[in-house]
Amino acid sequence: MPPLDGNGGAGAAGDHSHDVVIDVGGATTSSCVVCMEPLEWAAIGPCGHGDVCAGCALHIRVFQNNRRCCICRAPCRVVVVTSHGAIVAAAAAGGGWPAVSSRLPMSRTRRGGYSRREGRVGEYWYHTGMGAFFDDERQYAAAKAAARLGPPPCGDANENPPPPPPPPPPTTTTRTRTGVSNSDGQGSLLTQREKMEALVFILVVVVILVVMAFV
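In every chain, residue numbers begin from 1 and rise along the written sequence. With the structure being a predicted model, the display of local features is reserved for residues of pLDDT at least 70 and the display and counting of side-chain atom pairs for 80 or more, all residues being used for whole-chain, interface and lining totals. Just so you know, side-chain values use all the structure's heavy atoms and leave hydrogens and water out.

(A) Just the nonpolar core, in detail. Ranked by internal contacts, the top residues of the largest apolar core, which has 40 residues, are V52, L58, V80, V81, M130, F133 and F134. Counting residues per element, this core draws most heavily on helix α1 (residues 54-63), which supplies seven residues. Here, nonpolar core refers to any group of buried Ala, Val, Leu, Ile, Met, Phe, Trp, Tyr and Cys residues whose side-chain atoms link them within 4.5 Å. Summary of the burial criterion: residues with accessible area below 20% of their type's maximum are buried, those above 50% are exposed, and those between are partly exposed, where the area comes from a 1.4 Å probe applied to protein chains only. Note on conventions: DSSP H or I runs of at least 4 residues are helices, E runs of at least 2 residues are strands, and numbering of each starts at the N terminus.

And the structure:
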């Protein structure tokens, strides 16, 4: 999935039917193991795996309510979202999670715990719904916007567009004894020929009546 842009995610909160478990053999990949998009921003947890992009991490942790690593299934109550380059550098130096999390703010009330309050905390921004520390404010703001929008509707609206409506039936014209009527039942005035025939008939009747009156 591309970097977070506030367009929401997929899946429903509390639904674990789509949990993702992937085995990468402990290797650090250059693409997200969930969506296979190139890794730019990634989430790393205490287990040391940092091969899931920030967007997929938000979908899994917020919309699926799954706080486990999708690679090793280890519980990850807190993750750090940072550049994938920083994760690779930490792994190469043998530091991994301890190196990435070394500057996380510690709680004054929770012994040995992190200070987890929404917003700016020390050098980081903490997202409560995701349980994630961000070292980039723009990524944090995008995650908040995406979480507010909620999961997008299933499927793509452009995959199966509805068929176009059928064309209206053609209008047919039928001739009746009283005039011309179309298919919707609306009649029109008498034709010119029918008018002449009616007039001739009336004249003939009048002539016959006059002749009979003088006989």
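(B) Expanded view of the pairing of strand β3 (residues 79-83). Of all five residues in β3, four are buried, a share of seventy percent or more. In this analysis, strands are considered paired if DSSP registers two or more bridges between them. Pairing between strand β1 (residues 41-44) and β3: four bridges, direction antiparallel. Bridged to I44 within β3 is V80. Relative to strand β6 (residues 132-134), β3 runs parallel, the two being bridged by three bridges. Considered in β6, the bridge of V79 is made with A132.

(C) Structural detail: a nonpolar patch on the surface. Residues qualify for a patch when their relative accessible area is over 30% and they have no salt bridge, like charges being joined within 9 Å and the nonpolar side chains of Val, Leu, Ile, Met, Phe, Trp and Tyr within 5 Å. All accessible areas in this document rest on Shrake-Rupley with a 1.4 Å probe, and a residue is counted as covered only by the protein chains that are shown. By definition here, a salt bridge exists when the distance from a side-chain nitrogen of Lys or Arg to a carboxyl oxygen of Asp or Glu is within 4 Å. A cluster of nonpolar side chains, contributed by V200, F201, I202, V204, V205, V206, I208, L209, V210, M212 and F214, occupies part of the molecular surface with about 1100 Å² of accessible area. As for its position among the elements, V210 is in helix α5 (residues 192-214).

(D) Just the UniProt feature "transmembrane region" (unreviewed entry) in the protein, in detail. In the UniProt entry, the feature "transmembrane region" (unreviewed entry) is given for residues 198-214. With 100% helix and 0% strand, residues 198-214 has end C-alpha atoms that lie 25 Å from one another. UniProt positions are given in the numbering used here, feature names are shortened, and annotations may be inferred rather than shown by experiment.

(E) Examining the packing of α1 against helix α4 (residues 137-149) more closely. In the contact formed by α1 and α4, the axes pass within 11 Å of each other and the chain directions differ by 40°. As far as their axial angle goes, α4 and α1 are oblique. As for how α1 packs across α4, the hand of that crossing is right-handed. Contact residues: A54, L58, V62 and F63 in α1; Q139, A143, A146 and A147 in α4. Note on method: axes are straight lines fitted to C-alpha atoms, helices fitted across the in-contact stretch only, with angles between N-to-C directions ranging 0 to 180 degrees. Roughly parallel covers angles under 35 degrees, roughly antiparallel covers those over 145, roughly perpendicular covers 65 to 115, and oblique covers all other angles. The handedness criterion is simple: a crossing whose near helix is rotated anticlockwise from the far helix by less than a right angle is left-handed, and one whose near helix is rotated clockwise is right-handed. What makes two residues a contact is simply this: any of their non-hydrogen atoms within 4.5 Å.

(F) Up close: helix α2 (residues 84-92). Looking at α2, one finds that the buried residues are H84, I87 and A90. Buried residues of α2, viewed axially, fall in a sector of 125°; they line one side. In α2, the exposed residues that point more than 90 degrees away from the buried face are G85 and A92. Packed against the buried residues of α2 are β1, β3 and α3 (97-100). G94 occupies a position one or two residues after α2 and carries a positive phi of about 80°. The directions from the helix axis to the C-beta atoms form the arc being described.

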